[in-house]
Amino acid sequence: MRIIYIVVLTFIVGTSAAQVNFINAGKITYERRISQFAALINAEAQENIWMEELKKQFPKVVADNYTLQFNNKESFYYLTKENPDNKYINMIFKPTETNYVNQKHESGMVTNAASVFETNYLINDSLVKYEWKITGEVRDIAGFECKKAITKICDSVVVVAFYTDQIPLQAGPENFNGLPGMILGIAVPRLGTTIFATSISLQAAPNYVLPTLSKPKKSTIKQLDADLVKTTKDWGKEAAAILWFLKL
Amino acid sequence: MNLLFLGQKRLTLTFFSVLFSLATFAQNSSITGTVKDTTEKKNLAMASVNILRAKDSVLVKTVRTSSKGEFAIEPIAAGNYIVMVSYPQYADFTDKITVGATPIVLNIAIDTKAHILKEVIVKNTVSAIRVKGDTTEYKADSFYVTPNADVQELLKKMPGIQVNAKGEITAQGEKVNKVLVDGEEFFSDDPAVVTKNLRADVVDKVQVFDKKSDQAVFTGIDDGQKSKTINLQLKEDKKNGYFGKAEAGSNFNQFGNGKLMTNAFKGKRKIAGYVTTDNTKFDNLNWDEAQNYGDGGNITTEFGDGGMSMVMISGDGDDGGSTGFPNQQSAGATFSNKFDKGSVNTSAQYNRLIVNGLTSSYSKTILPNNSIVNNTNSSQRNDKKKYKFTTTDQWGTDSTGLFKLTLKAANVLSDNITNFSGGSYIPESGMQLNNTARTTSNSTNDKTLNGSISYRLRFAKKGRTISVNSDFNFGDKTQDGLLNAQNDYFNASNVVVKRETIAQTKSLSQLTSAGSVNTVYTEPLGKNSFLIFNYKIGLAGNNSERNTFDDRAGQPKIKVDTLSNHFKFNTVNNSGNISYRYAVKKVNFNIGTGIGSAKYSMFDYATNSSRTVNFTNFIPSATFNFTPKQQKKFVLSYVGNTQNPTLLQIQPIIDNTDPLNITVGNANLRQSFTNKFSFNFNSFKVMKSKYVQFSGSFSNTNDAITTASTIDAFGKSVNQYVNVDGNYNYGAGFYYDFELYKGINFGMNTGVNGGRYNNIVNGIKNTNDNISTRLGIQLSYWGDKKINFWSSFDASNNKTVSSIRQGASTNFWSYRNNSNVQFKFKKAKFFIDLSTDITVYQKSAAFPNQRNIYLVHPSMRKVISKNDKWEAKLMVYDLFNQNQFVDRNITSNFISETTNNGIRRYALFSIIYNFSKNGKPMSMGF
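Novice: Teacher, can you tell me more about the sheet that holds strand β3 (residues 48-53) of chain B here?
Specialist: Adjacent strands of a sheet form backbone hydrogen bonds with each other and so pair up, either parallel or antiparallel. Residues and elements named next belong to chain B. Strand order in the open sheet formed by four strands is β4-β3-β6-β7, and the pairing between neighbours is antiparallel. With partners counted over all chains shown, the strands left at the sheet margins are β4 (59-64) and β7 (93-99), one partner each. This sheet shows a mean twist of 20° between the axes of neighbouring strands, independent of strand direction. As defined by bridge partners, strand β6 (residues 79-86) adjoins β7 across seven bridges and the pair is classed as antiparallel. Within the sheet, the bridge partner assigned to G79 lies in β7 and is V99.

This is the structure:
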């Protein structure tokens, strides 16, 4: 026992003595997994016959790959490629290649190209502010040690995030930002949704060409929220899940 | 929950308070300092320095140290904070600080993880704990937790298990990596998520064990890799329970209903049953009740990409009727279970339905020189008992092969008596043609067995699938009947010139069997295109014997040869189809062609003669879909279809039930061919709540099969099926729906349908041109909270011109309104519902009777007990006492109006009792 202990100790001391590499530019691949029935049922809090039928027709989980390119100033988060084999239970789960989130940390601004139903929103606004609770729990994601933090969106929906100190840019998937390092994992239990990094590669600078949206509607986050509330107000219980999802 | 850190670690803290006390800095202060390595005493660059609010661990500020290892945080409000410093491969440093008016300087030294030792705490076990092999099991009920506590709280109470403030679980000194629920992974493998999301009182046992690696489980070879795992065994009784409903209603006179239904479940196994009695309506169970307590009916759902979906619910279709006065009793039981790889659903049902009804009809046949009006009245009583058994079972999955078996066996016994009287006259001259009075009675026993077996397999290669579907049907029907009729025929001076009296008994026995196999194979050709092969073979046989006897009182029973027959029909259908499908993101099209053959043969036992007819069919089709955007779609399609004449059209069986309408055969009847073109465009703007749809179609038929009628001076018509050319149909429609004002939606639809239909009347070719136009508007509001309503108003016009008599054109309007308003007083648990169904027909030359029906059905419901178990309901059906069923029909030179009676005004008071344990009925959800 003692011998093993010493070996481990030497190893760790050995690495700590070496220079720690902080990553200032690179490319992260995330996998977004949606447990489709959970996403809708949790919000409705009651199973119904309709959902039973849906369960027979749709896969339980749909997965899509996203890419996040970053340097020490900004990040671009976008769908890597549409997966035509995915069967989405609700059209809001279906991602689009022309959508992206560009977090600009120098100016504290965000540009979000979001296709919501038939409308293509082009949002220019300040970065969304989240109130993060740091828990100190750690777990490994894609080989990086990540710390856990918790926030709430829409007053009640808990979002769990895992960030790494090793990537200093305070960015993350979708609109998430503001933790001491890059967010490599997001879990939203009530929406049955996770976005976890699967690989990280080094890259000198982002090389992402912003796609052109057709007929973009210039807007702000506040305006989009107001539009969504107005649209979904007579959608019954499912509206809550849809609103939460679109607010990710 | 406060997620504060419990500093168990030995840390070094150097704390300098520099005394700068300036009153103006009372609100905002600053924190500055350095971060260095304890052992190497080297300043660390890029270390993360975070300031958390002490009361809830919320991140307030985060900075990185400079290349010199220095940091500065300002401004920062006065208060209690936690400083957290982290650096890769170093242990986190955390400490509490209080920021006052004075700036704080922190010099922080951190350790590599290797320098930190862990403590292991092992506690003794108590009696509520059992050790089984390498599993330690805790009985959850032995540990007291507060009501509504979560599993985390429960685990904290268990010896040997620690849960720290972060939600991390340590069991027997080791960190728990996985929490399972009933042996399965919960949504998240994060133990904190599972334990916070599950209530303590649903847990039966907590099992702690070392889970072998998946590799070890698969190979059976222990590789020594184990991770500490907790399994939460849920209480069985939380998965077991029942729910049900008892309902009794009465108008304290002749109308009433009663229902008792229950569903008991254990996990996924379900046993449900119901008993009902009702003389106010035809359905024994409503839709939700059929789903929860009955066999659920046959639901087919189709889901398209992008949220468009369609649900088809098909009942048996033969429980029939909606007119007259019903009285029914029913009972049923269903057993169903679901397994990992399949499901079973079996049910047995009994239904007895007695219907008494009155029917009157008015019809007019337009002839070249005059017309014939026929008025009839009938009363009928039908008593039907049905015993039914169904089972639907399924095994497998799409990728390993999916088998599905459906079996339906039914035995139907029915007795039917009809008293009928009627007569025809010529309205132009007022001349009476005939009068008829008849009584028929039949008692029938119909036994059927229908089934299908299907197999579906999706191959590993994307797009390659095979499906085989076979259907089989067997039937055994016997019928005994009586026909007593008197038919009088008049001459021009209204004198009876001919009287027929019929007193016959009839018997029928019919054995049918049919089977078909349909095979579809799809093969991908590259990424976006597919070939689809389809082959279908069907065989059907029918052996039918019908005997008619003259049976008059005091006279011997004589078989009537002209009305007795014994035939055997056999049909063989073969068809093959090949189509090509191309699908990319926005465009997909399908083009295909098929060929089929049909062979009909008939054997006549009386004459020992047989007849065989062969047809070859050609079935081309093409469809083009264009989806420029989500929720916007354009479809163009063409279908060519061959329609074969039926054997009964070529050689009918003589039936004298209605001696004024006789059908004769046509051996030269050819098949018809129809070309149909259609288009559809729809666009749904979700955000704007706007829906637009256009559609149109055109079809023409060559060699259409229609009737040639010869009507004699007594109004007796002899019909024969013949081929004609020049028939066509067209239609166009437009629908628009948008949000009018704050959630109130307004919709409008308009459309036109028309066509030309040729037939032959008394040897003269008759061309009928029909145009119907409609216009409708709808208004709806779904408030969900206090009020919901929808209302629709439709106006339609029907116009028909027959070439044999241009002057006698038919042209009338009808108007219809349907509305429903619901008021909800949720606090008082009181609900009011008002629905209306109004039909107004225009008086016209063709329909001299004005048939306006104003149906209004108000009802109210109140929950009368605190626990929602008791409800009282008062409803009034047909407030204005107007109910009747009117059906108007115009086909070629024949127009008719049929009126059936139905239940009129009554008030029904009902009491409903809902009972349940651990469950509740599912609803449709919208």
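Novice: Just to check I follow, could you spell out the pairing of strand β26 (residues 401-426) of chain B for this structure?
Specialist: Sheet faces and side chains relate simply in a regular strand, where the side chains alternate between the two faces. Residue and element names in this part refer to chain B. In this structure, strand β25 (residues 371-397) lies alongside β26, joined through 25 bridges in antiparallel fashion. Within the sheet, the bridge partner assigned to Q380 lies in β26 and is T418. Both β26 and strand β27 (residues 431-458) contribute to a ladder of 25 bridges, which runs antiparallel. Within the sheet, the bridge partner assigned to S421 lies in β27 and is A437. In textbook terms, the turn of a hairpin is the stretch between consecutive antiparallel strands, and for β26 and β27 this stretch comprises four residues, one of which, G430, has a positive phi near 75°.

Novice: Help me understand the environment of B:M748 in this model?
Specialist: Residue and element names in this part refer to chain B. Mapping M748 onto the fold places it in strand β42 (residues 744-761). Judged by the 13 C-beta atoms lying within 10 Å of it, M748 falls in the partly exposed class. Each C-alpha atom of the pair M748 and G776 lies 5.5 Å from the other, and the pair is 28 residues apart in sequence. In contact with M748, not counting residues within four places along its chain, are Y736, G776 and I777.

Novice: Where do I start with the sheet that holds strand β6 (residues 119-126) of chain A in this structure?
Specialist: All names here are of chain A. The strand order across the open sheet formed by 12 strands is β7-β8-β9-β10-β11-β1-β2-β3-β4-β5-β6-β12, and the pairing between neighbours is mixed. Only two strands of the sheet have a single partner each, and these edge strands are β7 (133-141) and β12 (216-219). Strand-to-strand twist of the sheet, defined as the mean angle between neighbouring strand axes without regard to direction, takes the value 20°. In terms of strand pairing, strand β8 (residues 144-153) meets strand β9 (residues 157-164) through seven bridges, oriented antiparallel. What sits directly across from K152, in β9, is V158. Packed onto the sheet, helix α4 (residues 221-232) meets β6 and β12 and runs at close to 140° relative to β6.

Novice: How do you make sense of the pairing of strand β30 (residues 529-550) of chain B when you look at a structure like this?
Specialist: All names here are of chain B. Pairing geometry for strand β29 (residues 496-525) and β30, over 22 bridges, is antiparallel. The residue bridging Q510 from the neighbouring strand is S544, located in β30. Counted along the chain from β29 to the antiparallel partner β30, the turn is three residues long, and its residue G526 has a positive phi close to 75°. Where β30 lies against strand β32 (residues 565-583), 18 bridges are found, and the strand directions are antiparallel. Across the sheet, L531 pairs through a bridge with Y580, a residue of β32. Strand direction decides the pairing type here: β30 and strand β31 (residues 558-559), joined by two bridges, are antiparallel. Across the sheet, the residue bridging to D550 is I558, located in β31.

Novice: Sorry, what's going on with the environment of B:S507 here?
Specialist: Residue and element names in this part refer to chain B. Tracing the sequence through the fold places S507 in strand β29. The partly exposed category is assigned to S507, around which 14 C-beta atoms lie within 10 Å. Excluding residues within four positions of it along the chain, S507 makes contact with Q479, D480 and N547.

Novice: Would you mind going over the nonpolar core with me for this structure?
Specialist: Generally speaking, a soluble globular protein has its nonpolar side chains buried in company with each other. With 79 residues, the main nonpolar core has A:A161, A:Y163, A:I183, A:L184, A:I186, B:V35 and B:V85 as its most contacted residues. Residues B:Y138, B:A140, B:A200 and B:L232 belong to the second largest nonpolar core, which totals 19 residues.

Novice: It is not clear to me how unusual backbone geometry should be interpreted in this structure. Could you clarify?
Specialist: Most peptide bonds take the trans form, and the phi angle of most residues other than glycine is negative. All names here are of chain B. The omega torsion across E74 and P75 is -5°, close enough to zero to call that bond cis. With respect to the helices, strands and loops of the structure, P75 is situated in strand β5 (residues 70-77). Positive phi is not limited to glycine here, since M46 has a value of about 65°. Here M46 shows up in the loop between β2 (28-37) and β3. Of the residues examined, M46 has 18 C-beta atoms within 10 Å and is grouped as partly exposed. Backbone geometry at S57 places phi at a positive 60°, although glycine is not the residue there. When you line up the elements, S57 lands in the loop between β3 and β4. According to the C-beta neighbour criterion, S57 is buried, with 24 such atoms within 10 Å.

Calculation criteria
Residues numbered from 1 in each chain as written. Chains lettered and ligands numbered in written order. Predicted model: local features only at pLDDT ≥ 70, side-chain atom pairs only at ≥ 80, totals over all residues. Pairing = 2+ DSSP bridges. Helix = DSSP H or I, 4+ residues; strand = E, 2+ residues; numbered from the N terminus. Axes fitted to C-alpha atoms, helices over the stretch in contact; angles between N-to-C directions. Buried ≥ 20, exposed ≤ 12 C-beta atoms within 10 Å, placed from the backbone. Contact = placed C-beta atoms within 7 Å. Core = buried A, V, L, I, M, F, W, Y, C linked by C-beta atoms within 7 Å.

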